[in-house]
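Here is how the chains run, residue by residue.
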Amino acid sequence: MNLKCADRLQNLSGNAIREIFKLLASPEIISLAGGNPAPETFPCAEVARITTKLMEEQGSSVLQYGATEGWMPLRQEIVHWLSGVGIHTDVDHVLTTTGSQQGLDLVCKAMVNPGDIVLVENPTFLGALHTMKTYQAQFRPVETDEDGLIPQALEQALKDGKPKFLYIIPTFQNPSGRTLTLERRKAIARIAAEHELLVVEDDPYRDLRYAGEALPSIASFDEAGYVLYLASFSKLISPGLRVGAAIGAPELMKKMTIGKQGADVHTSNLSQAIVAEFLKEGLLAPHIAELCNDYRVKMEAMLSAISENFPAQVKVTHPEGGLFVWATLPPYIDTTALLKKATEHNVAFVPGAGFHCDGTGTNTFRLNFSMPSVANIKKAIAILGEVISDVL
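Let me sum up the structure you'll find in this document.

Once that is clear, we can look at the pattern of salt bridges. Enumeration according to the criterion identifies 14 salt bridges in this entry. In this structure, Glu-40 and Lys-298 form a salt bridge, with 3.5 Å as the shortest nitrogen-oxygen distance. Separated by 258 residues along the polypeptide, Glu-40 in the loop between strand S1 (30-31) and helix H2 (44-62) and Lys-298 in helix H10 (residues 284-309) bring together distant segments of the chain. Of the residues examined, Glu-40 reaches a relative accessible area of 54% and is grouped as exposed. Overall, the relative accessible area of 4% leaves Lys-298 in the buried class. For the salt bridge of Asp-207 with Arg-206, the shortest nitrogen-to-oxygen distance reads 3.0 Å.

In structure tokens form, the structure reads like this:
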């Protein structure tokens, strides 16, 4: 078949993580590559009970078409949920989405023309880079350190021409696991207001904290309406429900709603209603506590195993939550080639180049601890330590 695809897809390859998954068909491989929540943590019994209740009481409604803006009971519950983390809003500022990834897609659809500049952390979530590339955005990386994006570097980046927006994951960042400090959150909100810069704050990992003190969102300091907050229930309840939310200025919400009408009409009413009832019944907080207890053990097991098995030349982050540990090797090591060697020993990870927008990061890689068991984490890290030692 001879088809000429749209220009925006000509130079795009698939999501790097999805491509890696194709290599993991062997049941012997221990994958540290994904970012999925552990399936044993899914609240199956609660979701089954809630679904039955909804079908008995509201079946004709949840199986029908719904408003593009979202299931009203869920939007109301989201408003209440967000008030607990310092974001005070109302339903006119809330658009439910099919996962937070759709929220990013919709803001790109609303804001980005081919060639427009988007500011990003370097590294940042490769799925976000893939989405923005689809809209033919150009990237301008903003310098980061162990405390996240550097506000002075953001101000410097703004001198090179105004971008359409800044995309940032401030809490337990994917892929680095780093968390933006309180003062930097305030500074970014201030810079956004001063420069009339839209900030897309993607915050799916905020509640997965295993140590330290919770920090307010950038959006909680936004008094001028320049922060779009993306939330997700994928890591907290279930990714299969595909429910997230975008919270921002009503003018932007209206444009994103128009874009959503052409994408999926509306997010599944049944999925939205399940999440709404989960929130209404007060099930989320205790469920998150269980998640954190489980993931804390796994993260500590991974960091301990890394300390015991990785050569001293490997530098890793020590996150206080989230799902990822980030590793940096000497500059001469290519982690894409290292992945091939690792898979020969039945261990997989994600090479870091795909998380960088500028061709750097070839000596970095991401490790996930939520999916594998503690025993497999220890086994995989020991094997990976030997593989790394062989190439140093």
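On to the sheet that holds strand S4 (residues 138-142), then. Strand order in the open sheet formed by seven strands is S2-S10-S9-S8-S7-S3-S4, with mixed pairing between adjacent strands. Unpaired on one side and paired on the other, strand S2 (94-97) and S4 mark the two borders of the sheet. Taken over all neighbouring pairs, the strand axes of this sheet differ in orientation by 20° on average, direction set aside. Here strand S7 (residues 165-168) pairs with strand S8 (residues 198-202) via four bridges, running parallel. Opposite Phe-165, over in S8, you have Leu-198 as the bridge partner. In the packing of helix H8 (residues 250-261) onto the sheet, the strands contacted are S2, S8, strand S9 (227-232) and strand S10 (244-247), and the crossing angle to S2 comes to about 25°.

Met-132, Leu-154, Phe-165, Tyr-167, Leu-228 and Leu-367 are the most contacted members of the largest nonpolar core, which has 121 residues in total. Considering each element in turn, this core owes the most residues, 10 residues, to H10. Every residue in contact with Leu-154, bar those within four places of it in the chain, is listed here: Leu-119, Val-142, Leu-149, Leu-166, Ile-188, Ile-191 and Leu-197.

What follows covers H2. Side chains that are three or four residues apart share a direction in an α-helix, a result of its 3.6 residues per turn. Between its first and last C-alpha, H2 extends only 19 Å over 19 residues, short of the 27 Å set by a 1.5 Å rise per residue. Helix geometry: H2 is bent most strongly at Glu-56, by close to 75°. Along H2, the residues that are buried comprise Val-47, Ile-50, Leu-54, Gly-59 and Val-62. Contacts from the buried residues of H2 go to helix H9 (269-280).

In contact at an axis separation of 9 Å, H2 and H9 are set at 125° when each is read in the N-to-C sense. Of the possible angle classes, the one that applies to H2 and H9 is oblique. Read as a crossing pair, H2 and H9 show a hand that is right-handed. Contact residues: Glu-46, Val-47, Ile-50, Thr-51, Lys-53, Leu-54, Met-55, Ser-61 and Val-62 in H2; Asn-269, Leu-270, Ala-273, Ile-274, Glu-277 and Phe-278 in H9. Within the contact of H2 with H9, the residues separate by chemical class into nine nonpolar, three polar and three charged.

Here we come to the sheet that holds strand S11 (residues 315-316). Ordered in space as S11-S12-S15-S14, the four strands form an open sheet in which the pairing is antiparallel. Both edges of this open sheet fall to S11 and strand S14 (350-351), since each of them pairs with a single strand only. Here two bridges tie S11 to strand S12 (residues 324-328), and the two strands are oriented antiparallel to one another. From the neighbouring strand, Lys-315 faces S12, where its bridge partner is Thr-328.

Attention now moves to unusual backbone geometry. Glycine aside, residues mostly have negative phi, and peptide bonds are mostly found in the trans state. Geometrically, the link from Asn-122 to Pro-123 is a cis peptide bond, its omega value of 15° lying close to zero. Within the secondary structure layout, Pro-123 lies in the loop between strand S3 (117-121) and helix H5 (126-134). Backbone torsion omega between Asn-174 and Pro-175 reads 20°, so that peptide bond is classified as cis. Take Pro-175: it is sitting in the loop between S7 and helix H7 (182-195). A positive phi angle, close to 50°, is found at Glu-196, a residue other than glycine. Residue position: Glu-196 is located in the loop between H7 and S8. Unlike most non-glycine residues, Asn-346 shows phi in positive territory, near 65°. Looking at the secondary structure, you find Asn-346 in the loop between helix H11 (335-344) and strand S13 (347-348). Classification of Asn-346 as partly exposed rests on a relative accessible area of 30%.

The rules behind these values
Residues numbered from 1 in each chain as written. Predicted model: local features only at pLDDT ≥ 70, side-chain atom pairs only at ≥ 80, totals over all residues. Heavy atoms only, no water. Salt bridge = Lys/Arg side-chain N within 4 Å of Asp/Glu carboxyl O. Helix = DSSP H or I, 4+ residues; strand = E, 2+ residues; numbered from the N terminus. Buried < 20%, exposed > 50% of the residue type's maximum accessible area, 1.4 Å probe, protein only. Pairing = 2+ DSSP bridges. Axes fitted to C-alpha atoms, helices over the stretch in contact; angles between N-to-C directions. Contact = heavy atoms within 4.5 Å. Core = buried A, V, L, I, M, F, W, Y, C linked by side-chain atoms within 4.5 Å. Expected span 1.5 Å × (residues − 1). Bend = angle between axes of the 7 residues up to and from the residue. Parallel < 35°, antiparallel > 145°, perpendicular 65-115°, else oblique. Left-handed = near helix turned anticlockwise from the far one by under 90°. Nonpolar A, V, L, I, M, F, W, Y, C, P; charged D, E, K, R; others polar.

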